[in-house]
4 protein chains.
Amino acid sequence: MTDTGIAKDQLKSVIERIEHLEEEKKAIADDVKEIYAEAKANGFDAKILRKVVSLRKIEAAEREEQGAVLDLYLSALGMAPDLFEAAA
Amino acid sequence: MTDTGIAKDQLKSVIERIEHLEEEKKAIADDVKEIYAEAKANGFDAKILRKVVSLRKIEAAEREEQGAVLDLYLSALGMAPDLFEAAA
Amino acid sequence: MTDTGIAKDQLKSVIERIEHLEEEKKAIADDVKEIYAEAKANGFDAKILRKVVSLRKIEAAEREEQGAVLDLYLSALGMAPDLFEAAA
Amino acid sequence: MTDTGIAKDQLKSVIERIEHLEEEKKAIADDVKEIYAEAKANGFDAKILRKVVSLRKIEAAEREEQGAVLDLYLSALGMAPDLFEAAA
DNA sequence: CACTGGAAAATGCCGC
DNA sequence: GCGGCATTTTCCAGTG
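Predicted, not measured: the structure shown is a model, and the values here were computed from it.

At an RMSD of 1.1 Å, chain D and chain C line up after a rotation of 177° and a shift of 0.1 Å along the axis. Classification of the inter-copy transformation places it as that of a two-fold axis. Identified as the residue of chain D closest to the rotation axis by C-alpha distance is Lys-25 of chain D, at 2.9 Å. By residue overlap, the copies meet face to face through one surface: 100% of the interface positions of chain D are interface positions in chain C.

Spelled out as structure tokens, the structure:
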């Protein structure tokens, strides 16, 4: 019974931590919505703004991807990728 | 030109604020993942955990919806929902 | 060439079947709209109707989720949920 | 009281008809998913298929739109659009 | 006719 | 690696 008691406490803790984080996430999502609304009020087209953000996200991912490929090449050549990162 | 300069600054600010918030959101999502992984390592079934969390979310949503329907009924009857809220 | 011919026919068939089903779906959606309009004409508040429908949907989802969680618990315990279902 | 009894029956009927139609809609949506899955099993790329379907939908809408503009022109000229439709 | 809210579609994630 | 599921995003209809 002690075990299940401990397990129960652990479970409770896990659930609570998750739900707390999800609330935080939701709060941030609401902040984002607010910014879009505010931008719209300032004459920006929300739809286009969203496109811009998603494009920049894709571009960032691609850069990362390219960086990963470069790292692969470098390590294939026996060179430490870190040397380049450090210089940049 | 000044106008477009201002608009550009505004745009930049909007985009940056959004991207910053989205990073925060992602960080939190990662924290959630971590908790699930940790729970799994402690012998919990992640699938069940997720179902429990989602069930609790639905229950919360139901309570909200019930309140919303009640408010609609009250306002349809010309009664201010606030009167009840205040009393509660 | 025969292959691509077959593939083309298959593709055509797939697209057509999907588009046909989507038309059916749209027709049903229109029927739903009609019912709301008719109900409104009979003095019902469409907004409340929609909320009621959505509340009932959430309630149904909750029941489903509860069953799903139970099934997961049972299978985690190595018990066949079917035994219970069959008895019911 | 008789009135509210009738209203209640009407309400019940409305809700039931809507829920029944939504179930039908869901069944059709499931059929669509099934077709995508089947197509995927036959070597088609589901993502591309979806793009094709949505493009065709947009094109159809545009054609309709253009047709509407044409009709507008024709009626502005005092000509019945139906004459063209019939001939087509 | 702009806005809010809800349905549908697309994407990404987890578990097998 | 794939299928299913949950989340997220997009779109559209209803409302004021």
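Let us keep going from here.
On to the protein's contact with DNA strand F. The immediate surroundings of DNA strand F are formed by Lys-25, Lys-47 and Arg-50 of chain A, Lys-25, Lys-51 and Lys-57 of chain B, Lys-33, Lys-40, Ala-46 and Arg-50 of chain C together with Lys-40 of chain D. Atoms of DNA strand F within 4 Å of the protein: sugar and phosphate make up 100%, bases the balance. Between DNA strand F and Lys-57 of chain B, the relevant distance is 3.3 Å, taken from a phosphate oxygen to a side-chain nitrogen or oxygen of the residue. At 3.5 Å from a phosphate oxygen of DNA strand F is found a side-chain nitrogen or oxygen belonging to Lys-40 of chain C. Looking at the surface near DNA strand F, the elements with two or more residues in it are helix H2 (46–76) of chain A, helix H2 (46–76) of chain B together with helix H1 (2–41) and helix H2 (46–76) of chain C. In the surface near DNA strand F, the residues fall into 1 nonpolar, no polar and 10 charged.

Take the protein's contact with DNA strand E next. Contacts to DNA strand E come from Lys-40 of chain A, Lys-33, Lys-40, Ala-46 and Arg-50 of chain B, Glu-22, Lys-25, Lys-51 and Lys-57 of chain C together with Lys-25, Lys-47 and Arg-50 of chain D. The contact atoms of DNA strand E, taken as those within 4 Å of the protein, divide so that sugar and phosphate hold 100%. Within the side chain of Lys-25 of chain C, a nitrogen or oxygen atom sits 3.1 Å from a phosphate oxygen of DNA strand E. Within the side chain of Lys-51 of chain C, one N or O atom sits 2.5 Å away from a phosphate oxygen of DNA strand E. At the level of secondary structure, the elements contributing two or more residues to the surface near DNA strand E comprise helix H1 (2–41) and H2 of chain B, H1 and H2 of chain C together with helix H2 (46–76) of chain D.

Moving on to the interface of chain D and chain C. How big an interface is tends to be stated in terms of the accessible area lost upon association of its parts. In this complex, chain D contributes 27 residues to the contact, which on the side of chain C involves 27 residues. For the pairing of chain D and chain C, the buried interface totals around 2600 Å² over both sides, and the portion due to carbon and sulfur atoms is 74%. At the surface where chain D touches chain C, the tally comes to 4 residue pairs in polar contact (both at pLDDT 80 or more). Elements with a minimum of two residues in the side of chain D that touches chain C: helix H1 (2–41) and H2 of chain D. Examining the composition of the side of chain D that touches chain C, we find that 20 residues originate from one element, H1 of chain D, more than from any other. A per-class count over the side of chain D that touches chain C returns 16 nonpolar, 2 polar and 9 charged.

What follows deals with the side chain of Glu-62 of chain C. Mapped onto the secondary structure, Glu-62 of chain C falls in helix H2. In this structure, Glu-62 of chain C is buried with no salt-bridge partner, the nearest side chain bearing the opposite charge being Arg-63 of chain C at 7.1 Å. Leaving out residues up to four positions away in the same chain, Glu-62 of chain C has contacts with Leu-55, Ile-58, Glu-59 and Glu-62 of chain B.

This part takes up the packing of aromatic side chains. Taken as a whole, this structure holds 0 aromatic pairs over all chains when the rule is applied. Of note, Arg-50 of chain A hangs over the ring of Tyr-36 of chain A, and the distance from its end group to the ring centre comes to 4.0 Å.

Across the contact, 27 residues belong to chain B and 27 residues belong to chain A. Summing both partners gives a buried area of about 2600 Å² for chain B against chain A, and 74% of it is carried by carbon and sulfur. Of all residues in chain B, the largest losses of buried area upon contact with chain A belong to Ile-18, Ile-28 and Ile-35 of chain B, amounting jointly to 21% of the total for that side. The tally of links between chain B and chain A comes to 6 salt bridges.

Calculation rules
- Residues numbered from 1 in each chain as written.
- Chains lettered and ligands numbered in written order.
- Predicted model: local features only at pLDDT ≥ 70, side-chain atom pairs only at ≥ 80, totals over all residues.
- Heavy atoms only, no water.
- Least-squares fit on C-alpha atoms with pLDDT ≥ 70 in both.
- Contact = heavy atoms within 4.5 Å.
- Near = heavy atom within 4 Å.
- Polar contact = N/O pair within 3.5 Å; in protein donor to acceptor, adjacent residues only side chain to side chain.
- Helix = DSSP H or I, 4+ residues; strand = E, 2+ residues; numbered from the N terminus.
- Nonpolar A, V, L, I, M, F, W, Y, C, P; charged D, E, K, R; others polar.
- Buried area = accessible area lost by both parts, 1.4 Å probe.
- Buried < 20%, exposed > 50% of the residue type's maximum accessible area, 1.4 Å probe, protein only.
- Lys, Arg positive; Asp, Glu negative; His and termini not counted.
- Salt bridge = Lys/Arg side-chain N within 4 Å of Asp/Glu carboxyl O.
- Phe/Tyr/Trp six-rings, centres within 6.5 Å; stacked < 30°, edge-to-face > 60°.
- Lys NZ or Arg CZ within 6 Å of the ring centre and 35° of its normal.

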